[in-house]
Amino acid sequence: MSAVAASGTLTLGDDLEVHRLGFGAMRITGDGVWGPPADRDVAVAVVRRVVELGVNLIDTADSYGPRVSEQLIAEALHPYPDGLVIATKGGLQRSGPGQWSRNGRPEHLRTACEGSLRDLRTDRIDLYQLHAPDPDVPYAESVGAMKELQDEGKIHHVGVSNVSVEQLDEARSIVDVVSVQNRFNLSDRSSAEVLAVCERDGLGFFPWFPLAAGDLARPGGVVAEIAQAHDATPGQVALAWLLARSPVMLPIPGTGSAEHLEENIAAAGLELDDEELERLDDAV
Ligand SMILES: NC(=O)c1ccc[n+]([C@@H]2O[C@H](COP(=O)([O-])OP(=O)(O)OC[C@H]3O[C@@H](n4cnc5c(N)ncnc54)[C@H](OP(=O)(O)O)[C@@H]3O)[C@@H](O)[C@H]2O)c1
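Residues numbered from 1 in each chain as written. Predicted model: local features only at pLDDT ≥ 70, side-chain atom pairs only at ≥ 80, totals over all residues. Heavy atoms only, no water.

### A word on the overall build of the protein
Next, step 1: From N to C terminus, the protein includes ten helices and eleven strands.
Next, step 2: Once the C-alpha set of the protein is aligned to its principal axes, its extents read approximately 50 × 45 × 35 Å.
Next, step 3: For the protein, contacts bridging at least 24 residues in sequence account for 73% of all contacts bridging at least 6.
Next, step 4: Surface accessibility of the protein: about 12000 Å² in total, with carbon and sulfur atoms responsible for 46%.
Next, step 5: The averaged location of the 45 negative side-chain charges in the protein is 5 Å from the averaged location of its 23 positive side-chain charges. (Helix = DSSP H or I, 4+ residues; strand = E, 2+ residues; numbered from the N terminus. Contact = heavy atoms within 4.5 Å. Areas by Shrake-Rupley, 256 points an atom, 1.4 Å probe, with all protein chains shown as cover. Lys, Arg positive; Asp, Glu negative; His and termini not counted. Charge placed at Lys NZ, Arg CZ, Asp CG, Glu CD.)

Encoded structure:
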């Protein structure tokens, strides 16, 4: 059994079964998520290793690079193995390293989706996520564009990201939403209510920035203590806590390093007992 299998599985929509620990492909680009990675061969090798380790959900976006992450995934893995789910996103634009602006205009989302189809070398995106609500565009218009792309067969499933409970409800009144991607980790649980909705209704919840254990990982802190007891790293404890937190939780830790990748995936097999989970729950 592959290490990732210990994370269990989650079914997105009614047909895409994936392990509950995925890979975030934002970190295989250059500094500031801008331009090519320092070493292209290393980045390609990391992406190939993801699949060798049995991981079958990769998260990316047209804005990572921009285009670099999607193109590297295609270079490393196309033609894609059966069962691999590539989840990409549209709705952000880039003007330079570390700079992100939202663009949820329907015409932009269409252009972005068509670009992702080309860069990923596919004729249908498994899961297309609206990267973020754009305050300058009514959310219903952005989500409506996602529905149109789905109706045209360019998208299989639709996901949303960086949403409140109200925005999630609004999106679901327009299109069938199978997943939510919000920031969530040991030190930031501000999306707990959104997670509760996902758990109630069986939507996947992809916590981004899952390794931000923050101060909890300081020497002598709770995370570090629990990590030591298991001969694990604080990051592995942060991932194991997420996996235990909800059956719909699907962390997507990101890295450009094969060593870090192996370490992150090994967290699937780290079992924390009830007392440890309670201590972590109470730690913030
Ligand atoms: N929807 C959104 O708005 C949104 C926003 C941000 C991210 N995301 C997605 O979520 C994914 C994860 O978020 P993230 O990449 O920001 O945060 P993360 O996974 O919590 O952390 C990634 C950072 O931790 C380092 N790291 C990873 N594994 C490590 C390990 N085992 N030991 C030490 N350091 C390690 C990485 O550096 P190294 O490369 O050196 O390992 C990188 O700097 C992204 O890749 C992206 O797909 C989505």
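### Section: the site of the ligand
Next, step 1: Around the ligand, the surrounding shell holds 24 residues, and the nearest of these are Asp59, Leu211, Gly254, Thr255 and His260.
Next, step 2: Residue Gly24 places a main-chain N or O atom 3.3 Å away from an oxygen atom belonging to the ligand.
Next, step 3: At a separation of 2.8 Å, an oxygen atom of the ligand approaches a polar backbone atom of Gly254.
Next, step 4: Summarising the interface, the protein chains cover 79% of the accessible area of the ligand, which totals 900 Å² for the free molecule. (Near = heavy atom within 4 Å. Polar contact = N/O pair within 3.5 Å; in protein donor to acceptor, adjacent residues only side chain to side chain.)

### Brief notes about the packing of aromatic side chains
Next, step 1: Applying the stated criterion across every chain, the model contains four aromatic pairs.
Next, step 2: Centre to centre, the rings of Tyr64 and Trp100 are 6.1 Å apart; their planes meet at 85°, and the pair counts as edge-to-face. Of this pair, Tyr64 sits in the loop between β4 (57-59) and α2 (68-77) while Trp100 is found in strand β7 (residues 99-102), placing the two residues 36 residues apart along the sequence.
Next, step 3: Plain terms: the ring middles of Phe184 and Phe205 are 5.8 Å apart, the flat faces sit at 85° to each other, and that makes the pair edge-to-face. Here Phe205 lies in strand β11 (residues 204-208) and Phe184 lies in the loop between β10 (177-183) and α6 (192-201), a separation of 21 residues in the sequence.
Next, step 4: Aromatic ring contacts, followed pair by pair, group Phe184, Phe205 and Trp241 into a single cluster.
Next, step 5: We note Arg94 situated over the ring of Trp100; from NZ or CZ to the ring centre the distance is 3.7 Å. (Phe/Tyr/Trp six-rings, centres within 6.5 Å; stacked < 30°, edge-to-face > 60°. Lys NZ or Arg CZ within 6 Å of the ring centre and 35° of its normal.)

### What about the nonpolar core?
Next, step 1: Leu12, Leu168, Val180, Phe205 and Leu272 are the most contacted members of the largest nonpolar core, which has 61 residues in total.
Next, step 2: Examining the composition of this core, we find that six residues originate from one element, helix α8 (residues 234-245), more than from any other.
Next, step 3: Apart from residues lying up to four places away in sequence, Phe205 is in contact with Val180, Asn182, Phe184, Ser191, Val194, Leu195, Cys198, Val248, Met249 and Leu250. (Core = buried A, V, L, I, M, F, W, Y, C linked by side-chain atoms within 4.5 Å. Buried < 20%, exposed > 50% of the residue type's maximum accessible area, 1.4 Å probe, protein only.)

### Observations concerning helix α7 (residues 222-229)
Next, step 1: Turning to α7, its buried residues are Val223, Ala224, Ile226 and Ala227. Relative to the axis of α7, the buried residues are bounded by an arc of 165° and lie together on one face. Counted as exposed and oriented over 90 degrees from the buried face of α7: Gln228 and Ala229.
Next, step 2: Buried residues belonging to α7 abut α8 and α10 (274-282).
Next, step 3: Taken from the residues just after α7, Asp231 is the one with a positive phi, measuring 55°. (Arc of directions from axis to C-beta.)

### Thoughts on helix α1 (residues 40-52)
Next, step 1: When the terminal C-alpha atoms of α1 are compared, their 19 Å separation across 13 residues agrees well with the 18 Å that a helix rising 1.5 Å per residue should span.
Next, step 2: All buried positions along α1 are accounted for by Ala43, Val44, Val46, Val47 and Val50. End-on, the buried residues of α1 take up no more than an arc of 155°, which puts them together on one face. For α1, the exposed residues set more than 90 degrees away from the buried face come down to Asp41 and Glu52.
Next, step 3: Looking at the buried positions of α1, the neighbouring elements they touch are β3 (23-24), β4, α2 and α9 (258-266).
Next, step 4: Between the side-chain oxygen at the start of α1 and the backbone nitrogen of Asp41 there is a gap of 3.0 Å, and the oxygen is on Asp39.
Next, step 5: Where α1 ends, the next residue or the one after it, Gly54, has phi of about 90°, a positive value. (Expected span 1.5 Å × (residues − 1).)

### Considerations on the pairing of β7
Next, step 1: When strand β6 (residues 92-96) meets β7, the two strands line up antiparallel, connected through three bridges. Across the sheet, the residue bridging to Leu92 is Arg102, located in β7.
Next, step 2: Where β6 folds back on β7, the antiparallel hairpin that results is connected by two residues, among which Gly98 adopts a positive phi of roughly 70°. (Pairing = 2+ DSSP bridges.)

### Points about the pattern of salt bridges
Think of it this way: side chains of opposite charge can pair up when their charged atoms draw near.
Next, step 1: Scanning the entire structure with this criterion turns up 16 salt bridges.
Next, step 2: Arg105 serves as the salt-bridge partner of Glu107, at 3.1 Å between the closest nitrogen and oxygen.
Next, step 3: On the basis of relative accessible area, Arg105 is assigned to the partly exposed category, the value being 39%.
Next, step 4: Three or more residues joined by partner-sharing salt bridges are found here, namely Arg110, Glu114, Glu148, Glu152 and Lys154. (Salt bridge = Lys/Arg side-chain N within 4 Å of Asp/Glu carboxyl O.)

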